[in-house]
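Letter by letter, the chains look like this.
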Amino acid sequence: MAEEGDHVENISDVEQSHHESASENGVMLVVNHSNIQPPFSVVLATLLYCAEFVCAAVLCNVYHKSDDDIWMGSTIAFMLVPAVLTQLALTFIHRDLGRDRPLVLFLHLLLLGPLIRCFEALVVYFKAGKEEEPYVTISRKIKLKKDQATPMEWEIGHSERKLATHRNAFKRTAVIQAFLGSTPQLTLQLYANIQEKYFLPIRLTLMVICLISITYGALVCSVLAINIRYDDYKVRLRPAAYLCMILWRGLEIATRVTSLVLFSSALTYWVILVGLGNLLFFFLQPWAEFWARRASLPDNVEKNFSKLGTTVVLSLVTFLYACINVFCWSAVQLDLGHRDLIEMKQHWGRLAAYYGGRFLENSVLIALWYFYKSDFYSYVCAPLLVAQLLICYSLAVLFMLLFYQFCHPCRRLFRHNVHDCLACVCCCRRGVGRAGEGHPHSYSTTATMVLVPLEPPDLTSQLGEHETAIVEDMEAA
């Protein structure tokens, strides 16, 4: 969220071809020679944007020929709104309004902004390393390897910083596209399939693309949350971690969308209350916490913004946060008074409350559908479908627990892991009615995920002012 960390946030995406040397203060210096990884995230986000837009346009033509004006209008709305917001986000992040780039702005007006941005990123990538360029900044990170923490420095050149800016921009637009466009589009098309009682090939294709886009957007949310919370560390996720997150997010989103669509097919108007209730709750929650803390608005959102402009931007961010939480766990909690807008501590209690409440809500929606379903489902084994949905959501929670227990890149910094928290809950339940018996727990039952210092060499004597502040924050935790 904060601008200062955006340029070096994705340094872990850079596969270094370097030599390492220990400087006088003990910091490992890594001299980068611009062996940069391809901008796969930029290309993937662009492909998903184009594929969804084209499929939605073709489907609108099909609806127009069959005189399905309601389906056509809704599809156009869910196609154009996220596309326009994507153009605005890219223009805002790259600050093109104050630069003389008429062609780029014209392409944004034609909703082709992601294409020109992807082309620019590929040009930067293929030109990188051909000429030696001076570094423009130094990135300081702590590298975790087994039980050791090694402070390191990277010299970041112009190409690395430009690609990092493109990656950061496309990550944010991928989230906008996923939860303001793909999610309502997928819900609409699945509902249309049930109402019309047949599958169109182009509609099925659009649904698959939307599900991939939503899963990718949720994956980006999880990775961004890790990068923001552990900004002082070099974070690298293993393939097993990505696989675990894809299964977790895919099952969670598919089950949630299916539950809402089935409920809406039986009780059409009641689903509006369910959706608005969820949206209002998650929209007002960060503002209620902000007012309870009596905090003040951050002044680093944009230098030229007034109080009103800052409030509008924060409201849009909160709306996106609410839309994400309606369908899946956002992986972050907003702190509107913090400079990064993100609460750095992740509380296990909130995570457990969200998934427990969501599981209960999905179960109630599916049960109501089961009792009020139409005759269309007479050829479907309804009890089996209910069981499949509940099992799929349980599997999503299981993969989430496996990720935090075994695949999280910074799990060595956790004071308590998933196993400890589950054991804490079990012990608390067993201890009800036996107050005062047994030994006190060695950790707090609030189950808060916090950072603890490892036992590396004496970092305080090795680092400069920036690194010393990092270590002091770790020891204070």
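Residues numbered from 1 in each chain as written. Predicted model: local features only at pLDDT ≥ 70, side-chain atom pairs only at ≥ 80, totals over all residues. Heavy atoms only, no water.

Caption draft 1: Seen up close, the pattern of salt bridges. Using the criterion set out here, one finds eight salt bridges in the structure. Linking Glu361 and Arg256 is a salt bridge whose minimum nitrogen-to-oxygen distance equals 3.4 Å. Separated by 105 residues along the polypeptide, Glu361 in helix α10 (residues 348-372) and Arg256 in helix α7 (residues 239-266) bring together distant segments of the chain. Judged by its relative accessible area of 19%, Glu361 is buried. Classification of Arg256 as buried rests on a relative accessible area of 1%. For Arg350, the salt bridge is made with Glu289, and the minimal N-O distance between the two is 2.7 Å. One end of the pair, Arg350, is in helix α10; the other, Glu289, is in helix α8 (residues 270-293), and 61 residues separate them in sequence. For Arg350, a relative accessible area of 25% puts it in the partly exposed group. Looking at Glu289, the relative accessible area reads 18%, which means it is buried. A single salt-bridge network, built from bridges that share partners, covers Arg101, Arg117 and Glu120. (Salt bridge = Lys/Arg side-chain N within 4 Å of Asp/Glu carboxyl O. Helix = DSSP H or I, 4+ residues; strand = E, 2+ residues; numbered from the N terminus. Buried < 20%, exposed > 50% of the residue type's maximum accessible area, 1.4 Å probe, protein only.)

Caption draft 2: Quick look at the nonpolar core. Of all hydrophobic cores here, the largest spans 67 residues; its most connected members are Val175, Phe179, Val257, Leu262, Leu320, Ile324 and Trp369. No other element matches helix α5 (residues 158-196), which puts 15 residues into this core. If sequence neighbours within four positions are ignored, Phe179 has contacts with Pro184, Ile214, Gly217, Ala218, Cys221, Leu320, Cys323, Ile324 and Cys328. The next biggest cluster of nonpolar side chains, apart from the first, holds 40 residues, and it includes Val235, Cys244, Leu351 and Cys410. (Core = buried A, V, L, I, M, F, W, Y, C linked by side-chain atoms within 4.5 Å. Contact = heavy atoms within 4.5 Å.)

Caption draft 3: Representation of the UniProt feature "transmembrane region" (unreviewed entry) in the protein. The positions that UniProt labels "transmembrane region" (unreviewed entry) are, in the present scheme, residues 42-64, 70-93, 105-126, 206-228, 269-288, 308-332, 352-372 and 384-406. Helix makes up 100% of residues 70-93 and strand 0%. Its end C-alpha atoms lie 35 Å apart. Helix makes up 100% of residues 352-372 and strand makes up 0%, while its end C-alpha atoms are separated by 30 Å. (UniProt positions renumbered as here; feature names shortened; annotations may be inferred.)

Caption draft 4: Representation of helix α2 (residues 69-94) within the structure. Relative to the 38 Å expected for 26 residues at 1.5 Å per residue, α2 spans 38 Å between its end C-alpha atoms, a close match to the ideal helical length. Considered for burial, the residues of α2 that qualify are Trp71, Met72, Thr75, Met79, Pro82, Ala83, Thr86, Gln87, Ala89, Leu90, Thr91 and His94. Next to the buried residues of α2 lie α1 (40-65), α3 (102-109), α4 (113-127) and α5. In the segment just after α2, Arg95 is the residue with positive phi, at about 55 degrees. (Expected span 1.5 Å × (residues − 1).)

Caption draft 5: Structural detail: the environment of Tyr404. The residue Tyr404 is located in helix α11 (residues 382-407) in this model. Spatially, the C-alpha atom of Tyr404 lies 9.2 Å from that of Ala241, the residues being 163 residues apart in sequence.

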